Amino acid sequence: MTAVSGEQALAGERMLRTPSSLLKLTRVVLSLKPFFLFILIFVVVSFAYHKLYWGIGEDPKSSVPTYGLSAEISCAHDVPSPLDIAGGPSPSTGNVFFVETSEQTAPSYLFSCSVESAARTHPASRVVVLMKGLAKGNTSLPKHWAFSLLSCFPNVEIRRLDLKELFSGTPLAQWFLQPQRQQEPHFLPNLSDACRIVLMWKFGGIYLDTDFIVLKNLQNLTNALGIQGDSVLNGAFLSFEAKHKFMELCIQDFVQNYNGWVWGHQGPELLTRVFKKWCSLRTITSMSCKGVSALAREVVYPIPWQDWKKLFAAVSALELQKLLKNTYAVHIWNKLSHGTKLEIPSQALLAQLYSQFCPATYAKMKQDSEELSRRAV
């Protein structure tokens, strides 16, 4: 007979007592009134869902549900390691967010370049792409070259945008549920404006529109937004700490001064009027006020929207370097520029940005351009 140690005996005793404990727990739960039992189950399920879906603020290495990325495109192009940060001290690892509020699930070249350039310049951060059009409950992405290409970047996560969950716990929850909203002429831009300020308030990090090309790491631009010109701020780029008071005021203003019939009223105009109140001023210049910075135009809007055609003009490498000397990212103004043909390859400013800052997307553009030329012969 094998001797049993005191520790083993204690473990066995605990195992024998476990069913008795479970029985007592079951009796207590069953003794609760149905109403309280329902509340208990609702709270547990709600908490579990919230942690499962919005694992955004957790450790990037933790297991969170993301959409499966196919690998139809070869990952032969150079992809930086998550630990490979070029130059300078290691930045904080806040998330970089992109949002697609339409049902679109076929990303454009520019969309792909935006995400790729952000992933390359922020290798230690999670680049989170939230898309409303992704199927609920389906963890496989639609077959598309952009999804395959972005799968090569270990820090890119693509998730379904759950608007009710995102807005929950904020004044925007009631705003979103009003059915007349979707009949407004600028509903999608307003919805996008709502998403970005809530993301910044809830989670913090960096928000970028999907028509940016990122040149440098943006993590040292904290609690900041950019001047697009004429004393007007733009929310295509936002960088804030979570629960920042400025973002809280933006959410309040969004609801209290809502006007869905004027384009920009909930976006650039909202940020501009909140900043003016925040700083008690009438004109906005490059400045920092009460911990929030209004960045000079060249930082993220080096090409004014009025001059968007310059993106398609040829420039020398030296001219490009001088133009972007103090620039962290370039806004492409897709609302104005999307129908303009871009020659690939060429010396056009935009073509050079693609080539340098999103080489994998550029290679795909070049391949498609060559294929079209062969078919035309």
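So, a few notes on the structure that sits alongside this text. (Residues numbered from 1 in each chain as written. Predicted model: local features only at pLDDT ≥ 70, side-chain atom pairs only at ≥ 80, totals over all residues. Heavy atoms only, no water.)

## Examining the pairing of strand 6 (residues 224-229)
Two faces, one strand: in a regular strand the side chains alternate between the faces of the sheet. In terms of burial, strand 6 is largely enclosed, as six of its six residues are buried. Where strand 6 lies against strand 7 (residues 232-240), five bridges are found, and the strand directions are antiparallel. Bridge assignment links G226 to a residue of strand 7, and that residue is N234. The hairpin turn running from strand 6 into strand 7, its antiparallel successor, is two residues long, and D230 in that turn takes a positive phi close to 55°. When strand 6 meets strand 9 (residues 292-295), the two strands line up parallel, connected through three bridges. Its bridge partner being in strand 9, L225 is matched across the sheet by A294. (Buried < 20%, exposed > 50% of the residue type's maximum accessible area, 1.4 Å probe, protein only. Helix = DSSP H or I, 4+ residues; strand = E, 2+ residues; numbered from the N terminus. Pairing = 2+ DSSP bridges.)

## As for helix 14 (residues 359-376)
End to end, helix 14 covers 26 Å across 18 residues, agreeing with the expected 26 Å (1.5 Å per residue, within 8%). Within the span of helix 14, buried status applies to A360, T361, Y362, K364, M365 and D368. Each element contacted by the buried residues of helix 14 is listed here: helix 3 (109-121), helix 4 (145-150) and helix 13 (349-357). (Expected span 1.5 Å × (residues − 1). Contact = heavy atoms within 4.5 Å.)

## Focus on the sheet that holds strand 4 (residues 205-208)
Spatial ordering of the open sheet is given by 3-2-1-4-7-6-9-8, a layout of eight strands whose pairing is mixed. The sheet terminates laterally at strand 3 (156-160) and strand 8 (287-289), the two strands that pair on one side only. When the angles between neighbouring strand axes are averaged without regard to direction, this sheet yields 25°. On the sheet, helix 7 (residues 187-202) packs against strand 1 (96-100), strand 2 (127-131), strand 4 and strand 7 and is oriented at approximately 40° with respect to strand 7. (Axes fitted to C-alpha atoms, helices over the stretch in contact; angles between N-to-C directions.)

## Description of the state of the cysteines
The term disulfide refers to a covalent linkage connecting the sulfur atoms of a pair of cysteines. Per the counting criterion, the structure on display carries two disulfides. With its sulfur 2.3 Å from that of its partner, C279 forms a disulfide with C289. For the disulfide bridge between C279 and C289, the dihedral angle about the S-S bond is near -140°, and by the sign convention the bridge is left-handed. With C279 in helix 9 (residues 268-279) and C289 in strand 8, this pair connects stretches of sequence that are ten residues apart. Take C279 and C289: they sit in the same class, and that class is buried. (Disulfide = S-S within 2.5 Å.)

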